[in-house]
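Each chain is listed here by its residues.
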Amino acid sequence: TATLGNIVLGTITSDSGVAGTHDIAVTALAGSITINSSVTSDDDVNLNANTTISDNASDNNADILGNTVSLTAVTGLGSSGNTLDLDVVTVTSATSASGGVYLNLLDANNSGVTVSSATATTSGDIVLEATSGSGTKTYTTVTAANGNISVTATQGDIVLGALTASATASKSIS
């Protein structure tokens, strides 16, 4: 936890060869989190930022690898043209007040990915793309209070639960 300033994460790997829980939790109380390489856990990854959580490179290399991930940022998760690249089983929560939610779900083992909740609470678009992996992508709840929603997958099936956006917003699924 950092009480002031930003956090830049290099390579972080929890020890999967030892019995027990190997969660990774990082909180920037007054700044942002930037992922320079990768954050890897055989359990849960929880990132919380007062501003943004971002990827330093616009690529399709996994920024976060783990069983589950929970992401909370006040002004954005990823950005248009530079998504956060996730190779996880479940996105428990991806929440941003403004700035939007931009995630690329990498399904390297073709087992599928579930997004339990993706939310832009005040404003911002939600873009959930899956550029690899043939497993099923399941989206339980996706809510954009004042923004557009786009859900795409290059391979595999898409299963949708509740998609909620303002009446004037666009919703795209492909």
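In what follows, the structure referred to is the one given above.
The text that follows walks through the structure, step by step, so that each part is easy to find. Each chain has its residues counted from 1, following the order in which its sequence is written. Only residues with pLDDT of at least 70 get local features here, since the model is predicted, and only at 80 or more are side-chain atom pairs given and counted; chain-wide, interface and lining totals rely on the full set of residues. Hydrogens and waters are ignored; side-chain quantities use all the structure's heavy atoms.

## As for the nonpolar core
Worth spelling out the cut-off: Residues belong to a common nonpolar core when they are buried Ala, Val, Leu, Ile, Met, Phe, Trp, Tyr or Cys residues joined through side-chain atoms within 4.5 Å. Exposed residues in this analysis have more than 50% of their type's maximum accessible area, buried residues have under 20%, and partly exposed residues fall in between, with area computed by a 1.4 Å probe over protein chains only. Runs of E in the DSSP output that reach at least two residues are strands. Runs of H or I that reach at least four are helices, and both are numbered from the N terminus. Whether two residues are in contact is decided by their heavy atoms, any of which lying within 4.5 Å being enough.
Ranked by internal contacts, the top residues of the largest apolar core, which has 41 residues, are L47, L71 and L86. The dominant element in this core, judged by the number of residues it contributes, is strand β9 (residues 84–96), at five residues. Not counting residues within four places of it along the chain, the set of residues in contact with L47 comprises L9, V26, I33, I35, I53, I64, S70, L71 and T72.

## Quick look at the side chain of T119
As for its position among the elements, T119 is in strand β11 (residues 113–120). With relative accessibility at 14%, the residue T119 sits in the buried group. Look past the residues within four positions of T119 in its chain and what remains in contact with it is A94, T95, S96, V101, I126 and T143.

## Remarks on unusual backbone geometry
The backbone of N110 shows a phi angle near 60°, a positive value even though the residue is not glycine. Position of N110 relative to the elements: it lies in the loop between β10 (101–106) and β11.

## Quick word on the environment of L84
Positionally, L84 belongs in strand β9. By relative accessible area, which is 0% here, L84 ends up buried. Separated by 67 residues in the primary sequence, L84 and V151 place their C-alpha atoms 15 Å from one another. Not counting the four nearest positions on each side in its chain, L84 is found in contact with I35, I53, S54, D55, D63, L71, L77, G78, Y102, L103 and N104.

## What about the side chain of S96?
Rules: Under the rule applied, a polar contact is a pair of N or O atoms within 3.5 Å (in protein, one hydrogen donor and one hydrogen acceptor; residues adjacent in sequence only if both atoms are side-chain atoms).
Mapping S96 onto the fold places it in strand β9. Residue S96 is classed as buried on the basis of its relative accessible area, which comes to 0%. There is a polar contact of 2.9 Å between the side chain of S96 and the backbone nitrogen of G76.

## Brief notes about the environment of D59
Structurally, D59 can be placed in the loop between β7 (53–55) and β8 (64–73). A residue is classified by how much of its surface remains accessible, and D59, at 26% relative accessible area, is partly exposed. Separated by 22 residues in sequence, D59 and G81 place their C-alpha atoms 9.4 Å apart.

## Digging into the pattern of salt bridges
Heads up, the condition is: By salt bridge we mean one thing: a side-chain nitrogen of Lys or Arg within 4 Å of a carboxyl oxygen of Asp or Glu.
Going through the model one piece at a time under the given rule, you end up with one salt bridge. Across the pair K137 and D107 runs a salt bridge whose closest N-O atoms are separated by 3.8 Å. Residue K137 is located in strand β13 (residues 137–144), and its partner D107 is located in the loop between β10 and β11; the two are separated by 30 residues in the primary sequence. Taken as a pair, K137 and D107 share a single burial class, namely buried.

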